[in-house]
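What follows is the residue order along each chain.
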Amino acid sequence: MEKKFPNGMWPVMLTPLQQNGDVDYPALEELINWYIKEGSSGLFAVCQSSEMFYLSLEERIKYAAKTVEFAAGRVPVIASGHVSDKIEDQITELNEIAKTGVDAVILITNRLAKEDEDDSVWIENCKKILDNIDPNVPLGFYECPYPYKRILSPKVVEFCADSGRFYFLKDTCCDIEGIRKKLEIMKGSNMKLYNANTSTLLESMKYGAAGYSGVMTNFHPALYAWLLENWEKEPEKAEYLQDILTPCSFIELKNYPLSAKTYLAKEIGFSIKARTRKNTADYISETELSELRQIKELSDRAMEFISK
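Residues numbered from 1 in each chain as written. Predicted model: local features only at pLDDT ≥ 70, side-chain atom pairs only at ≥ 80, totals over all residues. Heavy atoms only, no water.

1. Things to note about the pairing of strand β6 (residues 166–171)
Here is step 1: Counting buried positions along β6 gives 6 out of 6 residues, so the element sits mostly inside the fold.
Here is step 2: Regarding topology, helix α5 (residues 154–163) serves as the crossover connection from strand β5 (residues 139–142) to the parallel β6, and that connection is right-handed.
Here is step 3: With 4 bridges connecting them, β6 and strand β7 (residues 192–195) associate as parallel partners. Across the sheet, the residue bridging to Asp171 is Asn195, located in β7. (Buried < 20%, exposed > 50% of the residue type's maximum accessible area, 1.4 Å probe, protein only. Helix = DSSP H or I, 4+ residues; strand = E, 2+ residues; numbered from the N terminus. Right-handed = clockwise from strand over helix to strand, strands pointing away. Pairing = 2+ DSSP bridges.)

So, in structure tokens, the structure goes:
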């Protein structure tokens, strides 16, 4: 099987919600059109930014299917959504997601073993999943930080690369040496690494990373798209942009994904509501609103500079 996923910027998609808490599909279509217009190479649906741990299986399946429908072949769509503890239940979830027509199904690294279990347990559970998913379905991994972060070890990366089944890795190790080692092991395989960490992004591209798939695609995706496309052609502008993107990315540590939904509603003018299932309260302080305004202003200035 030959399956190539494009390099570049892959947004980790939000889940717009109606006032009553149901998924807002018209707002989702608006969001998808924006992601694509801003230069997305693909879309990562039903991930942690999508609040997948707070969506029912039926909602996760419909969300993935609607993303495929709304993307309409313009860019590839990948999706996760296995949140259960038992491997047997996860296999059911993953197969249901695969039926939605997504281009790849993404496994969550921390679902395959408990925090105190070693790589041998993880690999055996991975084999069990592989044996129960159609071999024609492309797969990937996401080092999701919740409920605990499980970074793929060199041993596990080698196993995954050698299997030939995996094509996409959303890396969250935030460590350039760890990224370099993974890229070295993955070289020549089907696997590509998409960095979720802004501060190491430019350096990781120099080592062979395929792109960016992180939280800040919900604030200023076009800046990431430009960086990933132009870092070799315009290195000085790329360094300048990297220096701006890194401090901006600290906003992801505050009240996310509510902050991103508020930003899109107030600063971009979308119909998306500032509602989440993850955050304990749908409230953004005046200070946080000011920070979001400043990120928008800085983003606009950065875009003006790199466009010259």
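Anyway, onward from the coordinates.
2. As for the packing of helix α3 (residues 87–98) against helix α4 (residues 119–131)
Here is step 1: Contact geometry for α3 and α4: axes closest at 10 Å, N-to-C directions at 40°. Compared by their axis directions, α3 and α4 come out oblique. Every pair of crossing elements has a handedness; the one defined by α3 and α4 is right-handed. From α3, Ile87, Glu88, Gln90, Ile91 and Leu94 reach across to α4, where they touch Asn125, Lys128 and Ile129.
Here is step 2: Looking at the contact of α3 with α4 residue by residue, the classes come out as 4 nonpolar, 2 polar and 2 charged. (Axes fitted to C-alpha atoms, helices over the stretch in contact; angles between N-to-C directions. Parallel < 35°, antiparallel > 145°, perpendicular 65-115°, else oblique. Left-handed = near helix turned anticlockwise from the far one by under 90°. Contact = heavy atoms within 4.5 Å. Nonpolar A, V, L, I, M, F, W, Y, C, P; charged D, E, K, R; others polar.)

3. Quick look at the side chain of Arg150
Here is step 1: If you trace the backbone, Arg150 turns up in the loop between β5 and α5.
Here is step 2: A polar atom in the side chain of Arg150 sits 3.5 Å from the backbone oxygen of Asp118.
Here is step 3: Among the polar contacts listed, one links the side chain of Arg150 to the side chain of Tyr148, at a separation of 2.9 Å.
Here is step 4: In this view, Arg150 contacts Thr109, Asn110, Ala113, Lys114, Glu115, Glu117, Asp118, Asp119, Trp122, Glu143 and Cys144; residues no more than four positions away in its chain are not counted. (Polar contact = N/O pair within 3.5 Å; in protein donor to acceptor, adjacent residues only side chain to side chain.)

By themselves, these figures tell us nothing about what the structure is for.
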